[in-house]
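Coordinate analysis (summary)
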Amino acid sequence: MTYVAAVADTVICPILTLDGEKWRQHARDLDEPLTVIEIADPEDKGAA
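Just so it is clear, the model here is predicted, and its values are computed rather than measured.

Re the overall build of the protein
Helix and strand content of the protein: two helices and two strands. Counting from the amino terminus, the protein carries its helices and strands in the arrangement α-β-α-β. With 48 residues in all, the protein has 23% of them scored as buried. Look at the contacts in the protein between residues 6 or more apart in sequence, and 20% of them connect residues 24 or more apart.

In C-alpha cells:
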C-alpha cells in the first residue's frame, strides 16, 4: 500500500478509494500530503 501511495505522490494524482482512512494512514509516512478521495460503493444500497 505504501508503494502505491508513493507513486501517487510522485505523479500528483488523487487516490480514489472506498476506505479513505486506510490510505490516510499510509500517506502519513510520506513527506508531502496526498489527496485522498473517499467514494461511495455503488453496490451499497444504503449510500446516499
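Some details on the confidence of the model for the protein
The predicted coordinates ought not to be read in detail in places where the model reports low pLDDT. With 67% of its residues at a pLDDT of 70 or more, the protein shows a mean pLDDT of 75. In the model of the protein, helix α1 (residues 2-11) stands out as the element of lowest mean pLDDT, 64, in contrast to strand β2 (residues 36-38), which has the highest, 87.

Let's talk about the nonpolar core
Residues I15, W23, A27, L30, L34 and V36 constitute the largest nonpolar core, which totals six residues. With sequence-adjacent residues up to four places away left out, V36 is seen in contact with I15, T17, G20, W23 and R24.

Some words on helix α2 (residues 20-27)
Of the residues making up α2, those classed as buried are G20, W23, H26 and A27. Along the long axis of α2, the arc covered by the buried residues comes to 130 degrees, so they all point the same way.

What to know about the environment of E38
Structurally, E38 is set in strand β2. A residue is classified by how much of its surface remains accessible, and E38, at 46% relative accessible area, is partly exposed. It is 6.4 Å that separates the C-alpha atoms of E38 and D19, two residues lying 19 residues apart in sequence. In contact with E38, other than residues within four places in its own chain, are T17, L18, D19, G20 and R24.

Topic: the pattern of salt bridges
Applying the stated criterion to the full structure yields one salt bridge. Among the ionic pairs, E38 bridges to R24, the shortest N-O distance being 3.9 Å. Pair noted here: E38 is in strand β2 and R24 is in helix α2, with a separation of 14 residues, a long-range link. A relative accessible area of 33% places R24 in the partly exposed class.

Cut-offs used in this document
- Residues numbered from 1 in each chain as written.
- Predicted model: local features only at pLDDT ≥ 70, side-chain atom pairs only at ≥ 80, totals over all residues.
- Heavy atoms only, no water.
- Helix = DSSP H or I, 4+ residues; strand = E, 2+ residues; numbered from the N terminus.
- Buried < 20%, exposed > 50% of the residue type's maximum accessible area, 1.4 Å probe, protein only.
- Contact = heavy atoms within 4.5 Å.
- pLDDT = per-residue confidence, 0-100.
- Core = buried A, V, L, I, M, F, W, Y, C linked by side-chain atoms within 4.5 Å.
- Arc of directions from axis to C-beta.
- Salt bridge = Lys/Arg side-chain N within 4 Å of Asp/Glu carboxyl O.

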